[in-house]
Amino acid sequence: MEMRQLRYFAAVAQTGHMTRAAEQLGIQQPPLSQQIHALERELGLSLFRRHPRGMALTDAGRQFQVEATRMLQGMEAMSQRMARVAQGQEGTLAIGFTSSAAAHRFMPELLRAFRRLHPQVELQLREENAAELTEALSAGRLHCALLRVPVARPEGLQFETLLREPVMAAMPSDHAFAAVSKRSGAAARPLTLAQLCSEGLILVRRPGAPGLYAELLALCHAKGLRPRIVAEVDRMMTNLNLVAAGAGLSVVPASMTGAHPHAIAYRRLAGSGSLDAPLTLVSRNDEDNLPAQRFTALARELASKQVKA
């Protein structure tokens, strides 16, 4: 049984006449009649009663009409859905992000804009550290990701810096450095690298891999400073939770200064001109997922507008 036979049957059932159905379908009457006979032979039953004025459905024909209509409607719905998929308007998009990337105001703005433009695309969001996101992209479990400093650059992936922002020193709100700032009325006075290194530091990094904190350590060592590391964690929010608990000081992107405002004080970091926090878009070079292509294009567009503003 072929789908065209179902369409031919539906046209004859609707018009009740072989000639008018052939005209509606844009074919000759003899081939249409042959296809209807072939369909009846395959099913082993008569679908129509022939009479001088046309065609009438048999009882079996009426039951077959219900099934044929359901199948034709299903085919039409599938055709329309695949057309939307082909246009990137429907499908699934798996996006990964680090907690520090999600804290940047660009992330929710990008997601809202994409949802508004592509409401039928299903978004699957996943939070991991930069190393885990990179591995997931390479393995095909994610379509794209937003992170800070890449920890690896495997073949087949492309890394694009969308935006950059300064870093800030984070310390418990009752720390001496925060108290000095409040008493002097110089809340904006930067903290020096030497002051930072005189305290225990909490770092977010994957052992043996580069990243924002590897760059911080390299900068300190270049200035002859020897930071004292008291903890290493996998995620930025864990880092800030420890700072809020008084476990040590850290350095975070400026967009994260809203975290734990009553427990953490944030100050600019002097002598850190070469140290900033990028927002990096990671995607696959051979990505064939159209929603992913739309998402990365939109990310570039919105980031470009923010840079120009």
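The model shown is predicted, which means the values in this text are computed figures rather than measured ones.

Helix and strand counts for the chain come out as 12 helices and 11 strands. At 32 Å, the chain has a C-alpha radius of gyration far larger than the 19 Å of a compact globule built from 309 residues. Judged by the C-alpha coordinates and their principal axes, the chain covers about 105 × 40 × 35 Å. Residues classed as buried in the chain amount to 45% of the 309 residues present. By sequence separation, contacts in the chain at least 24 residues apart represent 72% of the contacts at least 6 residues apart. Positive and negative side-chain charges of the chain, numbering 36 and 27 respectively, have mean locations separated by a distance of 6 Å.

Further remarks concern the packing of aromatic side chains. Tallied over the entire structure, the rule returns three aromatic pairs. Here the aromatic rings of Phe-9 and Phe-48 are separated by 5.4 Å at their centres, their planes lie at 50°, and the arrangement is tilted. Pair noted here: Phe-9 is in helix 1 (residues 3–15) and Phe-48 is in strand 1 (residues 48–51), with a separation of 39 residues, a long-range link. A single burial state applies to Phe-9 and to Phe-48, both of which are buried. Each ring, one from Phe-9 and one from Phe-64, has its centre 4.9 Å from the other, and the planes form 80°; the classification is edge-to-face. Here Phe-64 lies in helix 4 (residues 59–86) and Phe-9 lies in helix 1, a separation of 55 residues in the sequence. For the pair formed by Phe-9 and Phe-64, the shared burial category is buried. Members of the aromatic cluster, joined through ring pairs, are Phe-9, Phe-48 and Phe-64.

Next up on the list: the pattern of salt bridges. Applying the stated criterion across every chain yields a total of 13 salt bridges. Across the pair Arg-235 and Glu-128 runs a salt bridge, and its minimum N-O distance is 2.9 Å. Placement of the pair is Arg-235 in the loop between strand 8 (228–233) and helix 11 (236–244) and Glu-128 in the loop between strand 4 (121–127) and helix 7 (130–138), with a sequence separation of 107 residues. We classify Arg-235 as partly exposed; its relative accessible area is 25%. The class of Glu-128 is buried, set by a relative accessible area of 17%.

As a further point, take helix 7. Burial in helix 7 covers these residues: Ala-130, Ala-131, Leu-133, Thr-134, Ala-136 and Leu-137. Residues of helix 7 that are buried in the fold lie against strand 3 (91–97), strand 4, strand 5 (144–147), strand 6 (157–172) and strand 11 (276–284). The opening residue of helix 7, the one whose side-chain oxygen lies 3.2 Å from the backbone nitrogen of Ala-131, is Asn-129. Note on helix 7: the residue one or two positions beyond its end, Gly-140, has a positive phi of about 85°.

One can describe the packing of helix 1 onto helix 2 (residues 18–25) by two numbers: an axis separation of 8 Å at closest approach and a directional angle of 125°. On the basis of their axis angle, the class for helix 1 and helix 2 is oblique. Both helix 1 and helix 2 take part in a crossing whose hand is right-handed. Judged by residue contacts, Arg-7, Tyr-8, Ala-11, Val-12, Gln-14 and Thr-15 of helix 1 engage Met-18, Arg-20, Ala-21, Gln-24 and Leu-25 from helix 2. Per-class residue counts for the contact of helix 1 with helix 2 are six nonpolar, three polar and two charged.

Attention now moves to the confidence of the model for the chain. Per-residue confidence for the chain averages 88 on the pLDDT scale, and 93% of its residues sit at or above 70. The least confident element of the chain, judged by mean pLDDT, is helix 8 (residues 176–184) at 64; the most confident is strand 5 at 96. Confidence drops under a pLDDT of 50 for residues 181–186, and excluding neighbours within four residues, the segment shows five contacts in the predicted structure.

Formed by 38 residues in total, the largest nonpolar core has its most connected members in Leu-196 and Tyr-213. Elements represented by at least two residues in this core include exactly strand 6, helix 8, helix 9 (193–197), strand 7 (200–204), helix 10 (212–222), helix 11, strand 9 (250–253) and strand 10 (264–268). It is helix 10 that contributes the most residues to this core, six residues altogether. With sequence-adjacent residues up to four places away left out, Tyr-213 is seen in contact with Ile-202, Leu-203, Val-204, Met-236, Asn-239, Ser-250, Val-251 and Val-252. The next biggest cluster of nonpolar side chains, apart from the first, holds 24 residues, and it includes Leu-111, Val-121, Leu-162 and Leu-163.

Right, let's talk about the side chain of Asn-289 for a bit. Relative to the assigned elements, Asn-289 resides in the loop between strand 11 and helix 12 (290–308). Among the polar contacts listed, one links the side chain of Asn-289 to the backbone nitrogen of Ala-292, at a separation of 2.7 Å. Residues contacting Asn-289, with those up to four places away along its chain left out, are Thr-92, Leu-93 and His-143.

Rules behind the numbers
Residues numbered from 1 in each chain as written. Predicted model: local features only at pLDDT ≥ 70, side-chain atom pairs only at ≥ 80, totals over all residues. Heavy atoms only, no water. Helix = DSSP H or I, 4+ residues; strand = E, 2+ residues; numbered from the N terminus. Rg over C-alpha atoms; globule rule 2.2 N^0.38 Å. Buried < 20%, exposed > 50% of the residue type's maximum accessible area, 1.4 Å probe, protein only. Contact = heavy atoms within 4.5 Å. Lys, Arg positive; Asp, Glu negative; His and termini not counted. Charge placed at Lys NZ, Arg CZ, Asp CG, Glu CD. Phe/Tyr/Trp six-rings, centres within 6.5 Å; stacked < 30°, edge-to-face > 60°. Salt bridge = Lys/Arg side-chain N within 4 Å of Asp/Glu carboxyl O. Polar contact = N/O pair within 3.5 Å; in protein donor to acceptor, adjacent residues only side chain to side chain. Axes fitted to C-alpha atoms, helices over the stretch in contact; angles between N-to-C directions. Parallel < 35°, antiparallel > 145°, perpendicular 65-115°, else oblique. Left-handed = near helix turned anticlockwise from the far one by under 90°. Nonpolar A, V, L, I, M, F, W, Y, C, P; charged D, E, K, R; others polar. pLDDT = per-residue confidence, 0-100. Core = buried A, V, L, I, M, F, W, Y, C linked by side-chain atoms within 4.5 Å.

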